[in-house]
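# Breakdown of the fold
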Protein chains: 2
Amino acid sequence: MKKIGVSILGLGVVGGGAYKILTQHREFYQRTQDVDIVVESVLEKNRARALALGVPEERIASNIAEVVFDPDVNIVVEVIGGVEDAREYVLAALNAGKTVVTSNKELVCKFSHELERAAKRHNAGLYFEASCVGGVPIIRTLLDGVQANRISSMMGIINGTTNYILTKMTKEGTTYEEALADAQRLGFAEADPTADVEGYDAAYKLSILSSLAFHTKVPLAKVFREGIAGVDKEDIGHGNSLGYELKLLAVGKQSEAGIEVRVHPAFVRKEHPLANVDGSFNAVFLTGDSVGEVMLYGRGAGELPTGSAVVSDIIYAATHNENKYSTFKNTATADKDVKFVTDFSSAYYLRLNVSDRPGVLAKIASQFGKYGVSIDKLVQAQGAGDKATVILITHETHELSLKNAVAKLDALEIAEVKTVLRVAS
Amino acid sequence: MKKIGVSILGLGVVGGGAYKILTQHREFYQRTQDVDIVVESVLEKNRARALALGVPEERIASNIAEVVFDPDVNIVVEVIGGVEDAREYVLAALNAGKTVVTSNKELVCKFSHELERAAKRHNAGLYFEASCVGGVPIIRTLLDGVQANRISSMMGIINGTTNYILTKMTKEGTTYEEALADAQRLGFAEADPTADVEGYDAAYKLSILSSLAFHTKVPLAKVFREGIAGVDKEDIGHGNSLGYELKLLAVGKQSEAGIEVRVHPAFVRKEHPLANVDGSFNAVFLTGDSVGEVMLYGRGAGELPTGSAVVSDIIYAATHNENKYSTFKNTATADKDVKFVTDFSSAYYLRLNVSDRPGVLAKIASQFGKYGVSIDKLVQAQGAGDKATVILITHETHELSLKNAVAKLDALEIAEVKTVLRVAS
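As the structure is a prediction and not an experimental result, all values here were calculated from the model. (Residues numbered from 1 in each chain as written. Chains lettered and ligands numbered in written order. Predicted model: local features only at pLDDT ≥ 70, side-chain atom pairs only at ≥ 80, totals over all residues.)

## Some points on the nonpolar core
Ranked by internal contacts, the top residues of the largest apolar core, which has 265 residues, are V77 and I314 of chain A together with V77 and I314 of chain B. Sequence-distant contacts of I314 of chain A, defined by excluding residues within four places in its chain, comprise V6, I37, I75, V77 and V101 of chain A. (Core = buried A, V, L, I, M, F, W, Y, C linked by C-beta atoms within 7 Å. Buried ≥ 20, exposed ≤ 12 C-beta atoms within 10 Å, placed from the backbone. Contact = placed C-beta atoms within 7 Å.)

Here is the structure:
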């Protein structure tokens, strides 16, 4: 039986999960995968943590050189996070001809070109299923499951923290601040939640996934990004009563016009499979020209789910020799010929404060009409004094047209536009 | 660039779809997969059909020998269906060292051992993603996506015809007969619908999927099977009002007690992701020890979705040389040591006809209690004359206990048990 030596760099949440899975399943993999996967070493400064996980003392490496020059190590697992040390270590491993498995979305997103060059030059593998959507095998699916298709669209709920917060606001009517505090208490959000709630985490993942789906590098800088920090529970309530759920959506589209990539909160119709993806669950909904609509659903984070993705990559690398760097083909750098769409179209949800006078709704509709924005639904909610709240859902329209119409409404003092949110179509 | 020659046996729905996808995407695959896939020949008795698809006359083979002895053919696609000719052709191709891609669930289910032996002996590949759940890459996911996990449970809606019928009965309140006639009119059901409505189609797929998930051959004979032909719209209505949707479920479980595989109608709680899988859509919901819950959702049938699965296998085979028969490892024959569970447990839905007299509900509850069946919900529906309809949902219980309790109720003439259906847990 083939023996494969693994070294794990970093025994944090994901590294600890991968270590547990590998050691507890060694015989299972011998039997089912015909390969003996052995953890040869770990690189972890916190020796107490390593020992607590059951790592034998002599398997704790002192430095990266010990790992990358160890002839018994075939696969190096980078799960330390961050981009400085991680980049140095991954390059050192690739340059030594070791296959690398990483969960580091920021590293893969920002340095894929450099990593890919090193991997190809040294005939090493480079795998990163765990960088996107935890245990859900979305990268494997893009590469080996729906690769017969031109993918026209990808919509994902790919950040568990924001989905937890939005689900809590929806189901319990809490404010954003209350839901965030709750997520922090339960460990679903960091003390500094910026990376999650402002959509950076989702943008890294969308850059990676759309690069693979569209067969060309989609740089982070091309991803439009808007977070959920400003979301008002009042809008979630109005949206719900009109049949929508608010989600932080990652959207990737490819058409004749170019590639469009964006992360922002959006209302999703309750009948759409993504609308029911709640709490810390994640999902990606794809449309391919042959397969049609496909959705993958599962846990987007956590010790064992993300560890499962790391170990699946290890097994894949250990059992597929000839195709080591398959995950990177055609995703080197942004192609000069690729166009990116910036003035994208969407349907919109608007909450307006209007004077409760006859004719005001007609005036609003007429202003929107002038800018080519057509209205799908218009509902007058409760008023207070001589003011009324009006909720509008538009048909799909160019964002610029909508912005112009909104500016005009404000300028003419016909209505005060309190909220503008996108509606997924 | 590597050139791969393909021959397609049979240009029916799936074969026609695969032919269209391959010919329309040839340049796309050259660019994105670095492989030139050429349809070298087709074997189709109906020459007019082949010509109508645009197959050049000289590429229509006259017999199987022409295909399997053609040195330009690397991959043979078997999409003729049935098991007699298909088996002969597939064995001929494998024996000639050609890799085979097939969509034939009955063939794979019944003859996997023989096909695997031939593939191994001649170092040929054998792929069958298209045999299960159309374009949804469930086999790829089991083999290369969640392979780090011990799978404890698999629940699937894996037959589009029955899901179409049950969805129509649920949404429109039609009878089984009306819904079936509608499905036949739309081409979702065959003139003889037995294979679908009696669960044979789902049983073939469950045998294949559970063999892969549980790493041991699960023979068709071990799959408990019950169809939907007896389903009464009245029960669907009662279930709906209690918060359940009726689905034809394929269930595979593995535990210390053994492997349990069954296909039957079952009520699914509306909050479960499978409950929202409607119409001709399919889904498989997996539970792995590390990844937790994962669901794959998409179109389970159709020319292009199933064609997409065929072509994904072709690309996989064309770009992964060293691991040609990966799909079959460890699924040769039933292992003598493997136990199969037959007296399985479930929660149950029962519809009873009772005399509308004081104390009758207490008597029913007491009889169930005697057999260790505990009641989760008990609702008295409308009555007619001195009769009343009672709906019961039990907690999970052994099927044998339930059957004994039901027999006793009937014998004592306390209640007439009109319907017993399982409830998924």
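## Overview of the domain arrangement of chain A
Residues and elements named next belong to chain A. In terms of domain boundaries, chain A breaks down into domain 1 (2–134 + 305–328), domain 2 (149–299) and domain 3 (345–423). Taken over C-alpha atoms, the centre of domain 1 sits 28 Å from the centre of domain 2. On the domain 2 side, the residues contacting the 11 residues of domain 1 number 12 residues. With 6 residues, helix α6 (residues 105–121) is the single largest residue contributor to the side of domain 1 that touches domain 2. Among the residues forming the side of domain 1 that touches domain 2, the class breakdown is 5 nonpolar, 3 polar and 3 charged. (Domains from an automatic or database assignment. Helix = DSSP H or I, 4+ residues; strand = E, 2+ residues; numbered from the N terminus. Nonpolar A, V, L, I, M, F, W, Y, C, P; charged D, E, K, R; others polar.)

## A few points about the pairing of strand β10 (residues 258–269) of chain A
Residues and elements named next belong to chain A. Of all 12 residues that make up β10, 9 are buried, and the element is covered over most of its length. Here strand β9 (residues 244–255) pairs with β10 via 12 bridges, running antiparallel. Across the sheet, the residue bridging to E245 is V268, located in β10. The turn linking β9 back onto β10 is made up of 2 residues. Where β10 lies against strand β17 (residues 415–423), 2 bridges are found, and the strand directions are parallel. Within β17, the residue paired with A266 across the bridge is R422. (Pairing = 2+ DSSP bridges.)

## Some thoughts on the packing of helix α14 (residues 360–370) of chain A against helix α15 (residues 399–411) of chain A
All names here are of chain A. Put simply, α14 and α15 touch, their axes get as near as 9 Å, and they point 140 degrees apart. By the angle between their directions, the pair α14 and α15 is classed as oblique. As α14 runs across α15, the sense of the crossing is right-handed. Together, I364, Q367 and F368 of α14 and A405, K408 and L409 of α15 make up the contact between the two elements. (Axes fitted to C-alpha atoms, helices over the stretch in contact; angles between N-to-C directions. Parallel < 35°, antiparallel > 145°, perpendicular 65-115°, else oblique. Left-handed = near helix turned anticlockwise from the far one by under 90°.)

## Points about the relation of the copies chain B and chain A
Between the two copies of the chain lies a rotation about an axis combined with a shift along it. Screw-axis analysis of chain B against chain A gives a translation of 0.0 Å along the axis, an RMSD of 0.0 Å, and a rotation angle of 180 degrees. Seen this way, the second copy is the image of the first under a two-fold rotation axis. Residues of chain B ranked by C-alpha distance from the rotation axis are headed by L296 of chain B, positioned 2.4 Å from it. A high fraction, 100%, of the interface residues of chain B reappear at the interface in chain A, so the copies pair face to face through one surface. (Least-squares fit on C-alpha atoms with pLDDT ≥ 70 in both.)

## As for the environment of V263 of chain B
For V263 of chain B, the location among the structural elements is in strand β10 (residues 258–269). Excluding its chain neighbours within four sequence positions, the residues that come into contact with V263 of chain B are G199, A202, A203, L206, V223, R225, E226, L248 and A250 of chain B.

## What about the sheet that holds strand β2 (residues 35–43) of chain A?
Residue and element names in this part refer to chain A. Here we have 6 strands laid out as an open sheet, ordered β3-β2-β1-β4-β5-β6, and parallel in their pairing. Each edge of the open sheet is held by one strand with a lone partner, namely β3 (60–61) and β6 (126–127). Direction of pairing for strand β4 (residues 75–78) relative to strand β5 (residues 99–102): parallel, over a ladder of 4 bridges. Within the sheet, the bridge partner assigned to V76 lies in β5 and is V100. Sheet strands in contact with helix α1 (residues 13–24) are β1 (2–9), β2 and β4, and its direction is about 145 degrees off that of β2.

## Digging into the environment of V90 of chain B
Residue and element names in this part refer to chain B. The topology assignment puts V90 in helix α5 (residues 84–95). Separated by 308 residues in the primary sequence, V90 and H398 place their C-alpha atoms 43 Å from one another. Apart from the residues within four sequence positions on either side, V90 is in contact with E78, V100, T102, L107 and L115.

## What to know about the interface of chain B and chain A
With 47 residues of chain B at the interface, the matching set in chain A holds 47 residues. Element by element, the count of residues in the side of chain B that touches chain A is highest for helix α13 (residues 303–319) of chain B, at 9 residues. Looking at side-chain class alone, the side of chain B that touches chain A contains 17 nonpolar, 22 polar and 8 charged residues. Sheet topology places strand β12 (residues 292–299) of chain A next to strand β12 (residues 292–299) of chain B; 5 bridges connect them, and they run antiparallel. Bridged to L296 of chain A within β12 of chain B is L296 of chain B.

## Re helix α6 (residues 105–121) of chain B
Residue and element names in this part refer to chain B. Between its first and last C-alpha atoms α6 spans 22 Å; for 17 residues at 1.5 Å apiece the expected length is 24 Å, and the two agree. At F111, α6 is bent by approximately 85 degrees, the largest bend along its length. In this structure, the buried residues of α6 make contact with α5, β5 (99–102), β6 (126–127) and α11 (200–214). N123, located one to two residues past α6, shows a positive phi value of around 50 degrees. (Expected span 1.5 Å × (residues − 1). Bend = angle between axes of the 7 residues up to and from the residue.)

## A word on the sheet that holds β5 of chain B
Residues and elements named next belong to chain B. Taking strand neighbours across the sheet as the criterion, the 6 strands line up as β3-β2-β1-β4-β5-β6 in an open arrangement whose pairing is parallel. At either end of the open sheet lies a strand with only one pairing partner, and these are β3 (60–61) and β6. As defined by bridge partners, strand β2 (residues 35–43) adjoins β3 across 2 bridges and the pair is classed as parallel. Residue pairing across strands places V42 opposite I60, the latter belonging to β3. Contacts between helix α1 (residues 13–24) and the sheet are confined to β1 (2–9), β2 and β4 (75–78), with β2 contributing the most and set at about 145 degrees to the helix. Against the sheet, α13 contacts β1, β2, β4, β5 and β6, and its axis sits at roughly 160 degrees relative to β5.

## Observations regarding unusual backbone geometry
Residue and element names in this part refer to chain B. Phi at D34 is positive, roughly 55 degrees, even though this residue is not glycine. Summarising the element assignment, D34 is placed in the loop between α2 (26–33) and β2. The class for D34 is partly exposed, based on 14 C-beta atoms found within 10 Å. Within the chain, V133 stands out as a residue other than glycine whose phi angle is a positive 60 degrees. Residue placement: V133 occurs in the loop between β6 and α7 (138–144).

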